[in-house]
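Now for the letters of each chain:
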Amino acid sequence: MGQHHAAREGGGVLRLDDRLRPVRRSRSGGIVGFRRIALSPRIQISNPSEMAGMENKMRQIHFVLLLASALTPPLAAVAQTTIDPAAIERDKLLARDLAAAVNADARARAEWAAKYHSQREGAYSQSDLAKMLEDIARVSRGVTVTGNDRKNGWLRIDLRAANGKSGKLLLDTDGSPSNGVTRFNAYARPSAYPTQLIAQPVSRAALRKAIDDRLRFAAARDEFSGSVLVMKNGELIYSGAFGQSNKNFNVPNTMDTRFHTGSMDKMFTAVLIGQLIEQGRLTLDTRVVDVLPDYPNADAAKAITIRHLLSHQSGVASSFGDPEIDRFRPFERVSELLPRFAAKPLDFTPGTQAGYSNEGFILLGAIVEKLTGQSYYDAVQSRVFDRAGMKNTIYYRVDEISPLRAEGYRFPDSDFLGFGTRIGNSTFQGRGYRGNSCGGAYSTAGDMTRFLQALRAGKLLSPAMAEEMTGLQKGYNQYGYGFLHRKIGDKTVRGHNGGGAFSGINSMSRIVWETGYTVVAMGNYDAPLIEWVGDDIVHMVAAQS
């Protein structure tokens, strides 16, 4: 694997469901863990039968909509800690004891939980930790530790199940001699790709074969399901589809399959805002109150600017996971979603921090509606999709059926290491009545490619405005205004990811800005699998002239 994989392991996933908050970030900004939070009135358990005996604790891992290690506030660098030999040995012992307990019986797992339970306030209880081991044991049928290390305070343990699948368990410990565990995070880990990635210009045939080999390696291990399109301007480099869009009916994925876009819609919303700025209807420093004078939180409306919303610095509170919200209630305008969160206190003072906010982009959608007089759906159709030639992108309502619509497949909540079999994602909390300005359309690899090409060609925004929106900005690390922005060598790669772990949603769109190469990978499996495969392709493409 290339070196970028090592950096990416410290990354997290852009989430639809805000119930897991990032708890630690790397010096470069990558999310390295998410906090499981105690069950509160805001949290809805989607499958109570899986949580028998744990009514007062949230025992699910839900990630939502996604960037892997791209969306991270550079506000407080995590201090590097020097780990002494004794600490290293304690970590090895903890990992060995954990595997032994998983491979033993319930009594051994309870003893491990008692030994490694932290006394720190707010730490997971012994029953929490025992349940974690029980979940791993039930799905894995035995584990082997293949490695462990520390990064930014987290103990990272690589585990391999009896069936050969791998996962990464991240433990936050309290620094005491007993190495007490305070919380954990976990995700399925894709198989290591054994072939060296292309890192220099090659022939089209060689590039095409390298891309195909990488995809087939992942698909053969059931680590990729979706479609991939690679182009340079109008030149087709690679096109291929793998896996099934509906496993119940054995429907294969094709290049015409429409996949859930996750958070990639944020790019559409950013373009709409950029158009309004170019028309003189807005500026980046326009306040919410200037457009929505009746916004329920008057103080927030006076403090939040368009810039804050686009760069995830608004502090707008989350509404995901609130059991009082009927997520399947019909609506026709994005502004109808504002009551879900608009009256809530802000999470922080706008402009002082960066915290990924789906609600911030819902608010931007409401602003679009107010200034255009159109619903968000009509505005994005006429002002983005039509101009870009996107004829296969649609905001399905929950009851709409289409043979081209891919079903998502996710690991169950209790299989947080991805050792077992995927299930349908119909119960995933991030889904609702319809997508909106923060995410949730369905599109094809071809349409998302057309969007990126139209953006670079000046069909959606002027070159100057496109540069402003996609260029690197203050706020999230490697992020602009609604667009991811990464540097690969002397090139910049811009776009967005969508989906996340345990969602059955994961897609990515990238354009190498200087050369016009585009890489779009649409999928119906959990993150971070598509990021690993897609990022490998992006790195190979970015090396081309």
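Our subject is the structure listed above.
Since we're looking at a predicted model, the values are computed, not measured.

All chains considered together, the criterion is met by 27 salt bridges. Notably, a salt bridge pairs Arg-109 with Glu-134, separated by 3.1 Å at the nearest N-O pair. With Arg-109 in helix α3 (residues 106-116) and Glu-134 in helix α4 (residues 126-140), this residue pair connects regions lying 25 residues apart in the sequence. A residue is classified by how much of its surface remains accessible, and Glu-134, at 25% relative accessible area, is partly exposed. Among the ionic pairs, Asp-172 bridges to Arg-183, the shortest N-O distance being 2.7 Å.

With that settled, the discussion passes to the pairing of strand β3 (residues 143-151). In the sheet, β3 pairs with strand β4 (residues 154-161) via 8 bridges, with the strands oriented antiparallel. Bridge assignment links Lys-151 to a residue of β4, and that residue is Trp-154. Linkage of β3 to β4, two consecutive antiparallel strands, is achieved through a turn of 2 residues, within which Asn-152 is found at a positive phi near 55 degrees.

This next bit is on helix α14 (residues 529-542). Think of an α-helix as 3.6 residues a turn; residues three or four steps apart then line up on the same face. Taking 1.5 Å as the rise per residue, α14 with 14 residues should run 20 Å; its terminal C-alpha atoms sit 20 Å apart, in good agreement. Most of α14 is tucked away: 13 of the 14 residues are buried.

Okay, the sheet that holds strand β5 (residues 166-173) next. Strands sit in the order β3-β4-β5-β6 across an open sheet of 4 strands; the sheet is antiparallel. Strands with a single pairing partner mark the edges of an open sheet, and in this sheet they are β3 and β6 (181-189). For this sheet, the mean inter-axis angle between neighbouring strands, taken without regard to orientation, is 20 degrees. Relative to β3, helix α2 (residues 85-102) is tilted by about 150 degrees, and along the sheet it contacts β3, β4, β5 and β6. Against the sheet, α4 engages β3, β4, β5 and β6, with an angle of about 170 degrees to β5.

Time to look at unusual backbone geometry. The residue after Ala-527, namely Pro-528, is reached through a cis peptide bond having omega 10 degrees. Within the element layout of this structure, Pro-528 appears in the loop between β18 (517-523) and α14. Even without being a glycine, Asn-233 presents a positive backbone phi close to 55 degrees. Position of Asn-233 among the secondary structure elements: in the loop between β7 (226-232) and β8 (235-242). You can call Asn-233 partly exposed: its relative accessible area is 38%. We note that Asn-250 has phi near 55 degrees; this positive angle belongs to a residue other than glycine. Checked against the element boundaries, Asn-250 lands in the loop between β9 (244-246) and β10 (251-252).

What counts, and where the lines are drawn
- Residues numbered from 1 in each chain as written.
- Predicted model: local features only at pLDDT ≥ 70, side-chain atom pairs only at ≥ 80, totals over all residues.
- Heavy atoms only, no water.
- Salt bridge = Lys/Arg side-chain N within 4 Å of Asp/Glu carboxyl O.
- Helix = DSSP H or I, 4+ residues; strand = E, 2+ residues; numbered from the N terminus.
- Buried < 20%, exposed > 50% of the residue type's maximum accessible area, 1.4 Å probe, protein only.
- Pairing = 2+ DSSP bridges.
- Expected span 1.5 Å × (residues − 1).
- Axes fitted to C-alpha atoms, helices over the stretch in contact; angles between N-to-C directions.
- Contact = heavy atoms within 4.5 Å.

Honestly, that's just the spatial picture; any functional story needs more than this.
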